[in-house]
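Coordinate inspection notes
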Amino acid sequence: MEFDDTVAVGILHSLSGTMAISESTLSEVEKMAIEEINAAGGVTVDGKSHEITWIEEDGASDWPTFAEKAKKLIDQDQVPVVFGGWTSASRKAMLPVFESKDAFLYYPIQYEGQECSRNIFYTGATPNQQAEPAVEFMFKESPVAGKPFFLVGSDYVFPRTSNTITKAQLESLGGEVVGEDYLPLGNTEVAPIIAKIKNALPDGGAIINTLNGDQNVAFFKQMQSAGLTPENDYYVMSFSIAEVEIDTIGPEYLADHFAAWNFFQAIDTPASQKFTEAFKAKYGEDRVTNDPMESAYNMVYLWKAGVEKANSFDDNLVREALIGVTFDAPQGPIEVMPNHHISQTVRIGQVTPDGQFEILTTSDGPIAPQAWNQFEPSSKGYACDWSDPDKGEKYLL
Amino acid sequence: MTLLLESLFNGAAIGSVLLIAALGLAIVFGLMGVINLAHGELMMLGAYTTYVVQSFFKLPLLEPLFGGYIFVAVVVAFLVSGLVGLLLERSVIRRLYGRPLETLLATWGVSLILQQFVRTVPLAWSTGLWLAAMVALAGPLVGNRLWGLRQRPWLLRLGSWVVAAAVGVAAAGWIRGAMPKLARASARNVDVTAPRWLRGGLDLGDWTLPIPRLVIIGLTILAVVAVYWFLNRSLWGLRIRAVTQNRTMSDCLGIPTQTVDALTFGVGSGLAGVAGVAVSLLGSVGPNVGGDYIVGCFMVVVLGGVGNLWGAVVASAGIGVLTDVIGAGRLLEVWPQMPARLQQGVEFFATTSMARVLVFALIVLVLQVRPAGLFPQRGRMAEV
Amino acid sequence: MADTRSRWPPRWSQVLLWGMGLALVLALPSLVSPFRLNLLGRYLSLAIVALGIDLIWGYTGLLSLGQGIFFALGGYGAAMHLQLNCHSCSRAAGGLPEFFGLYGVQQLPWFWEPFHSPWFTLVAIWLAPALVAGLLGFLVFRNRIKGVYFSILTQAALLVFFNFFNGQQKLINGTNGLKTDLTRLLGMMVGSDAMQRNLFWLTALLALLTWLLCRRLVVGGRFGHALLAIRDDEARLRCLGYNPTPFKTMVFALAGGLAGISGALYTVQSGIVSPQFMAAPFSIEMVIWVAVGGRGTLWGAMAGALVINMAKSLVSEAWPQTWLFIQGGLFLLVVTTLQGGVVGWFQEGGPRRLLARLGWRTRLSTYPALELETGPEGED
């Protein structure tokens, strides 16, 4: 294919360290999306077709490194956009860089909300698109409906904030939280936590799990051997376990537990199947797709649509143009909202013994994102709107 | 009462993992005075070995025996880590005896290389490489007996190298075909699935004992007894102790000190491999798994008193029980009416991270009172 | 080592060298891109922590694997002050730094209060780490814990600090760390190119000053002789009636203070301080900079920090997978064949060796004394 010009974008995920397990899949899927776009003629600006190339940097699972590499991509390589990040800690480390240099980050992971940067587009779920429906499901419809809750998470910003929201939500629903505990990142000795859960939930209950990466392996292995299993009425709702993680933890340990996402590989639509098949064809038949990967895939296409709508690579023009852009994503139709987040469909799934999800509930159409949480008292009543200069990051509704 | 028992059991469970991981270190550090910062990575090799062995047992031929793969894994992991340890000793550590600080840095370098090795080299090739090394080592021994090649050592050596290379390449090629998951290099963690009998819990009324923990406690006891027997009842154990106490004198008496060094280091490394199998039952298996344990292991050895097996046992049990008591906030259960201020304090430390902080701080404090550990060696200090 | 002391008036070649160095530092901001300049400034600040390690390891024979503690303490001090004086960034309720709002913290933790003052901060970033190091050192050295035990204990202390900072979200934002790029210092945004350029010059100046200070301390002076004596034969020093504990404590505190300065400079230039600064690999890495550069040479340690870090960023930009192999290989190379580091190798290959071969004089070993004891000597 002949192109008139090229444009280099930045890709910044952890290719080494503890987060490499999850993050390297995002980099793979972003490259796949870029190649698909190139095969379809690239990005057209001013009537000229541009081939997209990428400059990839390794965040190395280390937050200061993310900040450093972001600076490099912006200053040294002058990329118009960076696709990157996974943990909220890495996003929080990059945020000041992107704001001080007025550059552009696309962040693909579901997260805790309570943030609405002018310089970031969030294509993952906000709490009202994942955590809140999931907690409501556990409280009202799950096999342990009405039973008390225990909250477990890794010790960093996403689990802490997400659990603060969950507690506020359960309070308004009338549920009971009997305990919470956090495991330092990198530590896999979960025995004290298991002991606490056992004491706090003698007759079973719902466990909201926001553990990260490989800590889940230790957690689920030891939950099972301690007898805290679905048969004994202990159901775990995880916010960070998708198909890829099931593959590394082993479905034997996860069967019958729950997860909430916008996309599952099991979604039975042509768009979903096309996405999964393209990925398998490129990276191997035994690979699986999941929600963060879908989100990373979407954001490349959204950026392309934004650039073509703005007819420019200029950050400020693209930023404005992006609002209102729609895309027929593998999960179904999505739309970029004025608060730099995306309206998405919410689904709740249960792990099957073959390592996939059985989708139990699907929301009626896409749900609008709330950057500022409406259960948490400090942010209740606030919203974010970048399409109106008077409203901006945080305004009272 | 149940509370006490539960706390003791949990403590034993945490402690036994620490102990089995520290056992090899106690030998290498305690007897040889070598700081091996790659010990954690030797554990990681053991954990990866478990994964490879498990993959073999998922093949149709061995599928019916899947429940027993863990026993094979223990033996193979001992051999894998032991062999790597042996190579490490022969190539690097040997040059650095008597320079512990340099050894420390060198082994840290080795640990980085090992980590990156499992990230970049497909397991199929690593397995082939290991098989080749085993053949190359065993070749001369077998060849000597079989074909009377004793007169032509060069032919024997060449022969075993050729056979070794052939075996390695053939094995790697076959594994790539038979087990596609092992054919790709990956920084991801791998999934080690315990057999069904190892996954559940043992119900004792209202109390469930996790079977993996029981197995690890059993494995640890077995390992401690074996090490004790090896050091105190076997011929090579006697030689090791002799070299530890007085190298020059042992040398004069005809003990092959270099072989003793290599053997000691090999056994210590092999035990790290066994610890790796144990760890794979509890958590995930990935390139970073060793780093989680290494400092804890050193604490066990230093706290117990260097060169003292029982010291390590007591130290790990103590650390285990303390971690559980602090981390799970047991004091609150025993004494619910404690004053509010104290209660705040206990709650502050009743998380996994703060329990770690407190336990390590306590260890440092204990070492203030007893700088040589809980059970220091008495009498004339051994000279390295 | 008295022969390396500077003389007055200086030789013209020295004047030329210094002049060129000064010109280079002044001109660099216009020669390289802001990103590279920023990296260079950061690595230059790392050279200061390397200087401290060279003092305690190269000169005194104490291998600390926990310098990250002091490095991070300095960084946290600077970041806390900047966070409190951040007028433009968004705030939580009560004017607290934003992250407190995420965890529902209403009142500023007490230890944050004094960091409102810039003067307190300027003192705290080196005094606090120095005091912590002094206390830790005193406790350890008093018991005559040394050699590898000292190394392991510093590593354990590092773990204690890491876990504490990592776990305390409500006090210091836990694993997320504190960011400084959007804060203001002297009316300028810290992350801006102009401010970063000033910080680069400040770092260069401080690197020079700390180097001069260390050289003055260890070369020729009585203090320096005591340190060398501790390294080469502590038992003999003790027999001669000296108590090595205060010397060791002092030099360890000094190295801690240097690490604090280094951490503060590094933090404002990288825009973030996080508990990762106290992760074990980073502290061990610091040792390798010194080892590669050449221990016991001061400027070799600084050069080692600069060069290895630059190599790291260049190599990991080009081939992310290979850096760990290279780093591991460096460790092996330095301890097995290049024991004096690069600088030491040049020194050994120079005229000194020739003189030694002629029987003129034999050199002392430049690496730390061999710790022959298997354990501390307390108790019996």
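Residues numbered from 1 in each chain as written. Chains lettered and ligands numbered in written order. Predicted model: local features only at pLDDT ≥ 70, side-chain atom pairs only at ≥ 80, totals over all residues. Heavy atoms only, no water.

Contacts between the two partners involve 47 residues from chain B, matched on the other side by 46 residues from chain C. Taking both sides of the interface into account, the surface hidden between chain B and chain C amounts to around 4300 Å²; carbon and sulfur atoms contribute 75%. Three residues stand out in chain B for area buried against chain C, namely Leu101(B), Leu105(B) and Gln368(B), and they jointly supply 16% of the buried area on that side. Inspection of the region where chain B meets chain C yields 1 salt bridge. For Glu102(B), the salt bridge identified is with Arg295(C), shortest N-O distance 3.3 Å. The interface formed by chain B and chain C contains 2 residue pairs in polar contact (both at pLDDT 80 or more). When residues of the side of chain B that touches chain C are traced back to their parent elements, those giving at least two are helix 4 (100-120), helix 11 (291-304) and helix 15 (352-369) of chain B. (Contact = heavy atoms within 4.5 Å. Buried area = accessible area lost by both parts, 1.4 Å probe. Salt bridge = Lys/Arg side-chain N within 4 Å of Asp/Glu carboxyl O. Polar contact = N/O pair within 3.5 Å; in protein donor to acceptor, adjacent residues only side chain to side chain. Helix = DSSP H or I, 4+ residues; strand = E, 2+ residues; numbered from the N terminus.)

It is worth spelling out the pattern of salt bridges at this point. Residue and element names in this part refer to chain A. Under the defined criterion, the tally for this structure stands at 29 salt bridges over all chains. The closest approach of N and O atoms between Glu136 and Lys140, which form a salt bridge, is 3.3 Å. Highlighted residues: Glu136 and Lys140, both in helix 4 (residues 131-140), separated by 4 residues, approximately one helical turn. Using a relative accessible area of 34% as the deciding quantity, one classes Glu136 as partly exposed. The salt bridge partner of Arg160 is Asp155, with a shortest N-O separation of 3.0 Å. The exposure class of Arg160 is buried, given its relative accessible area of 16%. (Buried < 20%, exposed > 50% of the residue type's maximum accessible area, 1.4 Å probe, protein only.)

The next subject is the confidence of the model for chain C. All names here are of chain C. Across chain C, the average pLDDT comes to 83, with 87% of residues at or above 70. Of all secondary-structure elements in chain C, the lowest mean pLDDT belongs to helix 15 (residues 351-357), at 56, while helix 3 (residues 67-84) reaches the highest, 94. In the predicted structure, residues 1-5 sits below a pLDDT of 50 and forms 6 contacts with residues beyond four places in sequence or in another chain. Across residues 373-380 the pLDDT falls below 50, and counting only partners more than four positions away or on other chains, this stretch makes 20 contacts in the model. (pLDDT = per-residue confidence, 0-100.)

Residue and element names in this part refer to chain C. Side chains of Trp18, Leu202, Leu205, Leu208, Leu209 and Leu212 sit close together on the surface and give an oily, nonpolar patch of about 530 Å² of accessible area. Of all the elements, helix 8 (residues 193-218) adds the most residues to the nonpolar patch, at 5 residues. With respect to the secondary-structure elements, Leu212 resides in helix 8. Owing to a relative accessible area of 36%, Leu212 belongs among the partly exposed residues under this scheme. (Patch = residues over 30% accessible without salt bridge, like charges linked within 9 Å, V, L, I, M, F, W, Y side chains within 5 Å. Areas by Shrake-Rupley, 256 points an atom, 1.4 Å probe, with all protein chains shown as cover.)

Each partner contributes to the interface: chain C provides 35 residues, whereas chain A provides 32 residues. Both faces combined, the contact of chain C with chain A buries some 2700 Å², and carbon together with sulfur accounts for 53% of it. Among the residues of chain C in contact with chain A, Phe35(C), Leu102(C) and Leu182(C) are the three that bury the most area, contributing 22% of the side total. At the boundary of chain C and chain A, one finds 2 salt bridges. Two residues, Lys71(A) and Asp181(C), come together in a salt bridge whose shortest N-O distance is 3.8 Å. Inspection of the chain C/chain A interface yields 5 residue pairs in polar contact (both at pLDDT 80 or more). For the side of chain C that touches chain A, the secondary structure elements donating two or more residues are helix 2 (34-59), helix 6 (148-167), helix 10 (244-270) and helix 12 (299-318) of chain C. When its residues are assigned to classes, the side of chain C that touches chain A shows 11 nonpolar, 18 polar and 6 charged. (Nonpolar A, V, L, I, M, F, W, Y, C, P; charged D, E, K, R; others polar.)

All names here are of chain A. With mixed pairing, the 7 strands of this open sheet are ordered in space as 8-7-9-10-11-15-16. The open sheet terminates on both sides in strands that have one partner only, identified here as strand 8 (177-183) and strand 16 (357-362). The sheet shows a mean angle of 25° between the axes of neighbouring strands, direction not considered. Where strand 15 (residues 347-351) lies against strand 16, 5 bridges are found, and the strand directions are antiparallel. Its bridge partner lying in strand 16, Gln350 is registered against Glu358. Packed onto the sheet, helix 5 (residues 157-173) meets strand 7 (149-154), strand 8 and strand 9 (205-210) and runs at close to 175° relative to strand 8. (Pairing = 2+ DSSP bridges. Axes fitted to C-alpha atoms, helices over the stretch in contact; angles between N-to-C directions.)

Within the secondary structure layout, Leu62(C) lies in the loop between helix 2 and helix 3. Sequence separation between Leu62(C) and Glu98(C) is 36 residues, and the spatial gap between their C-alpha atoms is 41 Å.

Okay, the sheet that holds strand 12 (residues 326-329) of chain A next. Residue and element names in this part refer to chain A. Taken in spatial order, the 3 strands of this open sheet run 12-13-14, and their pairing is antiparallel. The open sheet has two edge strands with one neighbour each: strand 12 and strand 14 (342-343). By the bridge criterion, 4 bridges tie strand 12 to strand 13 (residues 332-336) in an arrangement that is antiparallel. Each residue of the ladder has a partner; that of Asp328, found in strand 13, is Pro333.

Residues and elements named next belong to chain B. Running from N to C, helix 1 (residues 2-32) and helix 10 (residues 257-282) point in directions that differ by 170°, and their axes come no closer than 8 Å. With respect to their mutual orientation, helix 1 and helix 10 come out roughly antiparallel. As for the relative orientation of helix 1 and helix 10, their crossing is left-handed in sense. Residue-level inspection shows Val17, Ile20, Ala21, Leu23, Gly24, Ile27, Val28 and Met32 of helix 1 in contact with helix 10, the latter providing Asp261, Thr264, Phe265, Val267, Gly268, Leu271, Val274, Ala275, Ala278, Val279 and Leu282. (Parallel < 35°, antiparallel > 145°, perpendicular 65-115°, else oblique. Left-handed = near helix turned anticlockwise from the far one by under 90°.)

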